[in-house]
Amino acid sequence: MSKRDIIVFLFKWKYSLIGYLIFVVAVVTVFVYLMPQKYEATASVLVESNRAPIMRTDLVPGSGLDQIGVLNSEVAIIQSRTVLAAAVDKIPAGEKPEPSDMDLALAALHDWMVDLGLSESMTERESRIKGLEDGLDVGLLPSSQVIQITLKGKNPKMMAELVNAVTESYIDQHLKVFSAAGSAALLRQQLDRLGRDLDVRRKELKAYKQQASVLAMADTQRALVNLQSELTLNINKAHNDLAELQTRYGAKHVKVKLAKEKLGRLQTELQETVQKLRHLEAQEGRIREMDLGIGSIEKSYQDYQKRYEDQRLDSLSNPQVVNVRVIEYASVPTRPKHSRIFYIVLAFGGGIVLSVGIALIREYFDHRVTDPDTVARILGVPTLGSIARV
């Protein structure tokens, strides 16, 4: 497309371009002056990720999450409903400003949606918490350990108070999350429970060993093993003797019958010996299992005892020594984030883009012939003359 084509295009659609531009700018200007201006209050918090959240012996700097993980955890605490609800409770609602026509229209639309069941009816407190959840912006400054807490709204003083309340509530919640308060008492209860369980297991093991006669168990097992070997040899010898007698006297001879009875007694005695050995092995397995259970409880008891001692030391530490510092509290903004002129300038730029886009679309779908050269090229005959628009 040449410069001439561009100039022709602009002159062809000049009224459309100007009309769309004026329309967009006018609509945005009216909207900007009808809507109340929004102010932005910001507080900054420093999180030292290379330090423990509070002065505790069980939290070693650098042993947990990386820097981004620590900062994201703190952001999640700030955005938690517990922190936001505490901030709302700290700041009274105060007198509401005179609602604008837009506010009244939005309120009527919300009531209509509630009546239809498309939205939920909320108390004033819940509505403030919901508004804080939707409007609060918590972000990390690039290449730093600073978290910025930002809130936009129509009332500059209220926005600053809410941001500062959120900051203070966040620090309180941070202390509660990482504090060791009450942990020592809980560990003491666990220690007492494990101690009682350990005593019961030891008594059970002692009673079982007495019942099973553990002191004579090893001797009994050796004797039974020797007896099993001896019976196995005797059974083999009895099998040979029986075969020899059957060959010599036949199956119905008295000596053959006596040999069979002897072989049966030996086999019965061998089975009883094997059953006794199995019973002894089961008792040994039960004792080993009880010993392992006691050993596991003893290890847990020692671990809890160490943690209990650590928590006792933690309870003597200063819980206010934290890794979070408020760099700057939010001050009452004196001017809105963006002036009305800013939005009007944006509307002017957007209107130009929109009007040119619409004109391009209309040009693409416009198949009318508007110049003599195009007529001559299409029809293949020379142009004798043209009549201007009357």
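Residues numbered from 1 in each chain as written. Predicted model: local features only at pLDDT ≥ 70, side-chain atom pairs only at ≥ 80, totals over all residues. Heavy atoms only, no water.

Asks: Give a description of helix H7 (residues 156–178) that names residues and reports values.
Replies: Over its 23 residues, H7 runs 33 Å from end to end, which matches the ideal 33 Å to within 8%, given 1.5 Å per residue. Counting buried positions over the 23 residues of H7 gives 17, a clear majority of the element. The backbone nitrogen of Lys157 has a side-chain oxygen 3.2 Å away, supplied by the residue at the start of H7, namely Asn155. (Helix = DSSP H or I, 4+ residues; strand = E, 2+ residues; numbered from the N terminus. Expected span 1.5 Å × (residues − 1). Buried < 20%, exposed > 50% of the residue type's maximum accessible area, 1.4 Å probe, protein only. Polar contact = N/O pair within 3.5 Å; in protein donor to acceptor, adjacent residues only side chain to side chain.)

Asks: Report on the environment of Tyr33, specifying residues and quantitative values.
Replies: Inspection of the secondary structure assignment puts Tyr33 in helix H2 (residues 14–34). Excluding residues that lie within four positions of it along the chain, Tyr33 makes contacts with Arg340 and Ile344. (Contact = heavy atoms within 4.5 Å.)

Asks: Please give an account of H2 that cites residues and values.
Replies: If you check H2, its first and last C-alpha atoms are 30 Å apart, about what 21 residues at 1.5 Å a residue would give, namely 30 Å. Ser16, Leu17, Leu21, Val24, Val25 and Val32 are the residues of H2 that are buried. Each buried residue of H2 sits inside an arc of 150° when the element is viewed along its axis, so together they form one side. For H2, the exposed residues set more than 90 degrees away from the buried face come down to Tyr15, Ile22, Phe23 and Leu34. Looking at the buried residues of H2, the elements they touch are helix H1 (3–12) and helix H11 (340–365). (Arc of directions from axis to C-beta.)

Asks: Break down the pattern of salt bridges for me, citing the residues and quoting the values.
Replies: Pairing is possible between side chains that carry opposite charge, provided their charged atoms lie close to one another. Scanning the entire structure with this criterion turns up 15 salt bridges. A salt bridge links Arg81 to Glu126; the nearest nitrogen and oxygen atoms lie 2.6 Å apart. Placement of the pair is Arg81 in helix H4 (residues 81–90) and Glu126 in helix H6 (residues 124–135), with a sequence separation of 45 residues. Classification of Glu126 by relative accessible area gives partly exposed; the value is 28%. Of the charged contacts in the structure, one is a salt bridge between Asp303 and Lys299, with a shortest N-O distance of 3.4 Å. Taken together, the positions of Asp303 and Lys299, both in helix H10 (residues 254–315) and four residues apart, correspond to about one turn of that helix. With relative accessibility at 52%, the residue Lys299 sits in the exposed group. Within the structure, one salt-bridge network assembled from shared partners comprises Arg81, Asp89, Arg125, Glu126 and Glu133. (Salt bridge = Lys/Arg side-chain N within 4 Å of Asp/Glu carboxyl O.)

Asks: Outline a nonpolar patch on the surface, listing residues and values.
Replies: A grouping of Leu109, Trp112, Leu116 and Leu118 is seen on the molecular surface, where their side chains present a nonpolar patch of about 440 Å² in accessible area. With respect to the element layout, Leu109 can be found in helix H5 (residues 101–116). (Patch = residues over 30% accessible without salt bridge, like charges linked within 9 Å, V, L, I, M, F, W, Y side chains within 5 Å. Areas by Shrake-Rupley, 256 points an atom, 1.4 Å probe, with all protein chains shown as cover.)

Asks: So what about the sheet that holds strand E2 (residues 136–140)? Which residues, and what values?
Replies: Strand order in the open sheet formed by four strands is E2-E3-E1-E4, and the pairing between neighbours is antiparallel. Each end of this open sheet is capped by a strand with a single partner; those strands are E2 and strand E4 (324–328). When the angles between neighbouring strand axes are averaged without regard to direction, this sheet yields 25°. Packing against the sheet, H7 makes contact with strand E1 (39–47), E2, strand E3 (146–153) and E4, and its axis sits at approximately 20° to E1. (Pairing = 2+ DSSP bridges. Axes fitted to C-alpha atoms, helices over the stretch in contact; angles between N-to-C directions.)

Asks: Lay out the confidence of the model for the protein chain with the relevant residues and their values.
Replies: Close inspection of predicted coordinates is inappropriate in any region flagged by low pLDDT. With 85% of its residues at a pLDDT of at least 70, the protein chain reaches an overall mean of 81. Here residues 55–65 is modelled with pLDDT under 50, and outside its nearest four sequence neighbours on either side it reaches 19 contacts, counting other chains as well. (pLDDT = per-residue confidence, 0-100.)

Asks: Could you give an account of unusual backbone geometry, naming the residues involved and the relevant values?
Replies: Its identity as a non-glycine residue notwithstanding, Ser143 has a phi of 55°, on the positive side. When you line up the elements, Ser143 lands in the loop between E2 and E3.

Asks: Break down the side chain of Thr150 for me, citing the residues and quoting the values.
Replies: One can find Thr150 in strand E3. For Thr150, the side chain forms a polar contact with the side chain of Thr42, separated by 3.3 Å.

Asks: Account for the packing of aromatic side chains, naming residues and giving values.
Replies: A full pass over the atoms with the stated rule returns two aromatic pairs. Where Tyr364 meets Phe365, the ring centres are 5.1 Å apart and the plane angle is 90°; that geometry is what we call edge-to-face. A single burial state applies to Tyr364 and to Phe365, both of which are exposed. Its guanidinium or amino end placed over the ring of Tyr308, Arg188 lies 5.1 Å from that ring's centre, counting from NZ or CZ. (Phe/Tyr/Trp six-rings, centres within 6.5 Å; stacked < 30°, edge-to-face > 60°. Lys NZ or Arg CZ within 6 Å of the ring centre and 35° of its normal.)

Asks: Which residues make up the nonpolar core, and what values go with them?
Replies: By size, the foremost hydrophobic cluster in this structure holds 34 residues, and its most contacted members are Val47, Val166 and Tyr170. Where this core is concerned, the elements lending two or more residues are E1, helix H3 (67–78), H4, H6, E2, E3 and H7. Sort the elements by how many residues they give to this core and H7 lands first, with ten residues. Other than its neighbours up to four places away in sequence, Val47 contacts Val70, Leu71, Glu74, Gln145, Ile147, Tyr170, Asn323 and Val324. Listed in part, the twelve residues of the second largest apolar core include Leu198, Leu205, Ala212 and Ile294. (Core = buried A, V, L, I, M, F, W, Y, C linked by side-chain atoms within 4.5 Å.)

Asks: Report on the pairing of E3, specifying residues and quantitative values.
Replies: Across the eight residues that make up E3, a large majority, six, are buried. Where E1 lies against E3, eight bridges are found, and the strand directions are antiparallel. Opposite Leu46, over in E3, you have Val146 as the bridge partner. As paired elements, E2 and E3 share five bridges and run antiparallel to each other. In the sheet register, Val138 faces E3, and the bridge partner there is Ile149. The turn joining E2 and E3, which pair antiparallel and follow one another in sequence, is formed by five residues; a positive phi near 55° is taken by Ser143.

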